[in-house]
Structure formats: structure tokens, C-alpha cells
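Geometric and topological summary
One-letter residues, chain by chain:
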Amino acid sequence: MKSCRILLAPALLSLSLSACVTTSPTTEGSGGVSYGDSNAVETVTTDLGSTDIQTTSETMTQSLLQTPVLQDIIRKRGLLMASPVENKTSEYFDTKLITDTVLSQLQKNGVRYVIAGDEMQNQVDELRRQNQSGLYKKSSTAKVGNMQGAQYRLDGSVSSIIKKAANIKDVYYKINMRLIEIESGVVEWSDEKEIRKTLRR
Amino acid sequence: MKRLAVIAVFGLACLGGVAPAQGADGGTIASKVGELGRMEYLKVSDMKAVRRDNLLRVQITVTNSSSDNQQLYYRFLWLDSDGFSVWNEGPWKPEIIYGKQDKIISVTAPTFKAADFKLEVQSPNNSTSGPHSGSTADSSPYR
């Protein structure tokens, strides 16, 4: 009888452990965290949010693609660079997100762009590492002095007007983007997107 | 059955001519529009598509039969001629349709590869029944 109990104990233990195993590929905590739709309309506050970035980027890309200048850039494999969209509002918001999304969407359509701004330092560091560290074969290093300059520059800004009353807050955003020919300084394309967000208390 | 109301015309810019649109599953408005919950007051009453400069352009008219303002959420899905998606699912866009208004919404495909499209619409105030009956909150793209 005693030996029977000894044999049953591990069997029951393994049975109870197997009951805990779930087929769902998730690891759930107790915080109630869940994934949502990244494309959902977000109205948590009147600040610029994901929906504003997504719709603005989409509008700008669609507008740019219709421009003969941009279609010419694609055809001739011209080069573009982008200065980050400037945040002229009073709130903190990484407006470079708009620049990055527009560039990414343009590249999917065949637009080539060169790096600029903050990313330039990483590029220079890598060129120096390859050419000056003595660690690399001369025949395999990327040569200095071969980077290509862009013919066109994309820039833009976000501005806002905020109005408040006792029971209402109204925020009007205007996002402007431009495509400028670098050599001549001529603005070849510009467009703007307006957003109004209202909070009633 | 309601006859085709879609006037889908692809302009052949280089030839200066036009050709009828060849949607993946025909050309009715119903075949192009996916409603997340039945919309009582809002209706896609007209739809046009044209190809210009190698880009598909779509214009829809949304009619509000109510005298109250209605909230519309919509997005386009861009497909190739075989019905495969050629672009990421776009963001849901909010649009207010004023009482008794016929609102024209124009969009251009974000990619030269788009040859066809689907329109998804949802209106939180109207989703009382339909394919997502009883799950308005779940089917809403509104956070």
C-alpha cells in the first residue's frame, strides 16, 4: 500500500502541472495589459497623437506622389533628403515621426533619399572606422569622398492655436510640408493638413 | 438587386482614353464597401475611381439621411489587380458628416501598385446590427 502511494505521488504531480499548461502563446501578468489596434482612432487627449501622425503622413505622401517633380525624381533616380518636421507648438511631441513615416512611404514607391541631420554622425563615424582604424582590408573599405548630395530637401512644421473656455478646449493644428530644390531654393511642392480637436468637460 | 452605381473609370493618361475599372469582384458599391455594423443614417451613395498619372484616385460621396451630425470612421485598403494587398492597412480616419449632408471624400492611392481598393466604414452611433451585431465596442476603430 505504501509503495502504491509513492508511485501515485509523482503521477498526480505531473497531472496537476500539465493542467496549468495553456495552448495560448501568451504570458499574462496581472496588470490587464493587452494589445490594441495601432490604426485605431486615438482620442485620449487633444494633444497630437498616433492618428494625427498616421493621417498626416498618409496625406502628405499621397499629395507628393501626385507631383510631377517627385515622379521625375523617381524616374531619374534623383536623391532627396529631409530636415525633421519642426515642432512650433507648445507641447512636446516628436514631430520627426512624421518625417520618418513620409520618407518610409516614399521609399516604398521608389524614392531614394540620403541621410542627414542626427544620422550623419553615425555615417561619418563608420567611414572613419573603416578608413582610419587600420582594422579593415583596404580593398573592402567604403571610400571617403563618395557620398552623394541630394537635389531636393523635404521640410515642414507643426503649429497650433489653443483656445480654452470654462467647459471647452479647442486645439487647431496646421501641419505644413514643402519640397525644396536645394540648388535654387525654389519650393517645388507644398501642402498642409489641418486638424481640429475639441475637448468638452 | 440594386444596379451598379459605381462609375469606376481608369483614365489612360498616355492614350488620353478611358477604360472601365476591373474590380476584383465586380463593381457595385456594396462589393467595394465593408461596413462594420449596419449604418442606419450614413450611406456611401456614390463612388468613382480613376487612374491618373499612374495613381488610382477614388472619390466617394457619403450621405447622411439624419438631421443630426454623424461620426464616420473609414479607411481604404489598396489591392493589386489580383486582389492582394499592396500597402499596409491604413489608419482609420474620423470624419464628421453634418445633418443631411452629402460629403465628398477624395483619396489617392499611396502606391503606384494599387489597381483596386476596398473601403471599410464604421459609424459608432449607427452600429446597432449587422455582421458585428451586439459587439459595437469591439468592432469600433474608436479608442
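Residues numbered from 1 in each chain as written. Chains lettered and ligands numbered in written order. Predicted model: local features only at pLDDT ≥ 70, side-chain atom pairs only at ≥ 80, totals over all residues. Heavy atoms only, no water.

1. Focus on the overall build of chain B
Put simply, the rule reads: Put simply, DSSP H or I for four residues or longer makes a helix, DSSP E for two residues or longer makes a strand, and each gets a number counted from the N terminus. Any two residues whose heavy atoms approach within 4.5 Å are treated as being in contact. We get accessible surface area from the Shrake-Rupley algorithm with a probe of 1.4 Å; when it comes to residues, only the shown protein chains can shield them.
A count of helices and strands for chain B gives two helices and nine strands. For chain B, the α and β elements follow one another from N to C terminus as β-β-α-β-β-β-β-β-β-β-α. Here the contacts in chain B between residues at least 6 apart in sequence split such that 67% fall between residues at least 24 apart. Of the accessible surface of chain B, which amounts to about 7,300 Å², a share of 51% is contributed by carbon and sulfur atoms.

2. Focus on the overall build of chain A
Keep this limit in mind: When a residue's accessible area, from a 1.4 Å probe over protein chains only, is under 20% of the maximum for its type it is buried; when over 50% it is exposed; and in between it is partly exposed.
When its secondary structure is counted, chain A shows five helices and six strands. Starting at the N terminus and ending at the C terminus, chain A contains elements arranged as α-α-α-β-β-α-β-α-β-β-β. Looking at chain A as a whole, 34% of its 201 residues are labelled buried. Across chain A, the fraction of contacts at a sequence separation of at least 24, relative to all contacts at a separation of at least 6, is 62%. As displayed, chain A has an accessible area near 13,000 Å², and 53% of this comes from carbon and sulfur atoms.

3. Thoughts on the interface of chain B and chain A
For clarity, the cut-off: Joining two parts hides part of their accessible area as seen by a 1.4 Å probe, and the buried area is that hidden amount summed over both. What counts as a salt bridge is simple: a side-chain nitrogen of Lys or Arg found within 4 Å of a carboxyl oxygen of Asp or Glu. Throughout this description, a polar contact denotes any pair of N or O atoms lying within 3.5 Å of each other; where both atoms belong to protein, one of them has to be capable of donating a hydrogen while the other can accept it, and for residues adjacent in sequence the pair is counted only when both atoms sit in side chains.
Counting residues at the interface gives 21 residues for chain B, matched by 19 residues for chain A. Counting each side, the surface lost to burial between chain B and chain A is near 1,900 Å², with a carbon and sulfur contribution of 53%. Residue A:Glu58 is joined to B:Lys93 by a salt bridge in which the shortest nitrogen-to-oxygen separation is 2.8 Å. The tally of links from chain B across to chain A stands at nine residue pairs in polar contact (both at pLDDT 80 or more). Counting only elements with at least two residues in the side of chain B that touches chain A, the list comes to strand E5 (55-64), strand E6 (70-79) and strand E7 (93-97) of chain B.

4. Quick notes on the sheet that holds strand E9 (residues 116-122) of chain B
Residues and elements named next belong to chain B. Our working rule: Whether two strands pair comes down to DSSP finding at least two bridges between them. Where helices are involved, their axes are fitted lines through C-alpha atoms of the stretch in contact, as for all axes, and angles between N-to-C directions lie from 0 to 180°.
Strand order in this open sheet of four strands is E3-E9-E6-E7, and the pairing throughout is mixed. Edge strands, defined here as strands with exactly one partner in the open sheet, are strand E3 (33-35) and E7. In this sheet, neighbouring strand axes are inclined to one another by 30° on average, regardless of whether the strands run parallel or antiparallel. Sheet topology places E3 next to E9; three bridges connect them, and they run parallel. Of the residues in E9, the one forming a bridge with Gly-34 is Glu-120.

5. Quick notes on the pairing of E7(B)
Residues and elements named next belong to chain B. Taking every second residue as pointing to the same face, the buried face of E7 carries Lys-93, Glu-95 and Ile-97, while none of Pro-94 and Ile-96 on the other face is buried. Bridge count for E6 against E7 is five bridges, and the pairing is antiparallel. Bridge pairing in E7 places Gln-70 opposite Ile-97.

6. A look at helix H4 (residues 96-107) of chain A
All names here are of chain A. Test applied: Residue count minus one, scaled by 1.5 Å, sets the expected span of a helix. Here the arc refers to the directions that run from the helix axis out to each C-beta atom.
The end-to-end C-alpha distance of H4, which contains 12 residues, comes to 16 Å, matching closely the 16 Å that a straight helix rising 1.5 Å per residue would cover. Within H4, burial applies to Ile-98, Thr-99, Val-102, Leu-103, Gln-105 and Leu-106. Along the axis of H4, the buried positions cluster into a sector of 165°, meaning they face one direction only. Looking at the buried side of H4, the elements it contacts are helix H2 (50-65), helix H3 (68-75), strand E1 (79-82), strand E3 (112-113), strand E4 (152-165) and strand E5 (168-181).

7. Description of the environment of B:Pro110
Looking at the secondary structure, you find B:Pro110 in the loop between strand E8 (102-108) and E9. When the C-alpha atoms of B:Pro110 and B:Leu55 are compared, they prove to be 8.1 Å apart, with 55 residues separating the residues in sequence. Look past the residues within four positions of B:Pro110 in its chain and what remains in contact with it is A:Thr61, A:Gln62, A:Leu65, A:Asn109, B:Trp78 and B:Trp87.

8. Some words on the pattern of salt bridges
In the structure shown here, the tally under the stated rule is 17 salt bridges over all chains. Look at the salt bridges and you will find they share partners, linking A:Asp72, A:Arg75 and A:Lys76 into a network.

9. Notes on the side chain of A:Thr67
For A:Thr67, the position within the fold is in the loop between H2 and H3. Once residues within four sequence positions are removed from consideration, A:Thr67 is found in contact with A:Glu188 and A:Trp189.

10. Examining the nonpolar core
Rule in force here: Note on terminology: a nonpolar core comprises buried Ala, Val, Leu, Ile, Met, Phe, Trp, Tyr and Cys residues joined through side-chain atoms within 4.5 Å.
Residues A:Leu106, A:Leu154 and A:Leu179 are the most contacted members of the largest nonpolar core, which totals 29 residues. In terms of residue count, the dominant contributor to this core is E5(A) (five residues). Aside from chain neighbours lying at most four places away, what touches A:Leu106 is A:Thr61, A:Leu64, A:Leu65, A:Leu70, A:Leu80, A:Val111 and A:Leu154. Counting residues in hydrophobic clusters, the runner-up holds 25 residues, among them B:Val33, B:Leu42, B:Met47 and B:Val62.

11. Looking at the packing of H2(A) against H4(A)
Residue and element names in this part refer to chain A. Using the following cut-off: An angle counts as roughly parallel when it lies under 35 degrees, as roughly antiparallel when it exceeds 145, as roughly perpendicular when it falls between 65 and 115, and as oblique in every other case. Note on convention: the crossing is left-handed when the near helix lies turned anticlockwise from the far helix by less than a right angle, right-handed when the turn is clockwise.
One can describe the packing of H2 onto H4 by two numbers: an axis separation of 9 Å at closest approach and a directional angle of 45°. As far as their axial angle goes, H4 and H2 are oblique. Crossing of H2 over H4 shows right-handed handedness. Only Leu-97, Ile-98, Thr-101, Val-102, Gln-105 and Leu-106 of H4 make contact with H2, whose side of the interface consists of Ile-53, Thr-56, Ser-57, Glu-58, Met-60, Thr-61, Leu-64 and Leu-65.

12. Some thoughts on the confidence of the model for chain A
Keep in mind that low pLDDT regions are not for reading the predicted coordinates in detail. Rule in force here: What pLDDT conveys is the predictor's confidence in a given residue, as a value from 0 to 100.
Per-residue confidence for chain A gives a mean pLDDT of 89; residues scoring 70 or more make up 89%. Considering each helix and strand of chain A separately, the mean pLDDT is smallest for helix H1 (residues 2-20) of chain A, with a value of 55, and largest for E5(A), with 97.

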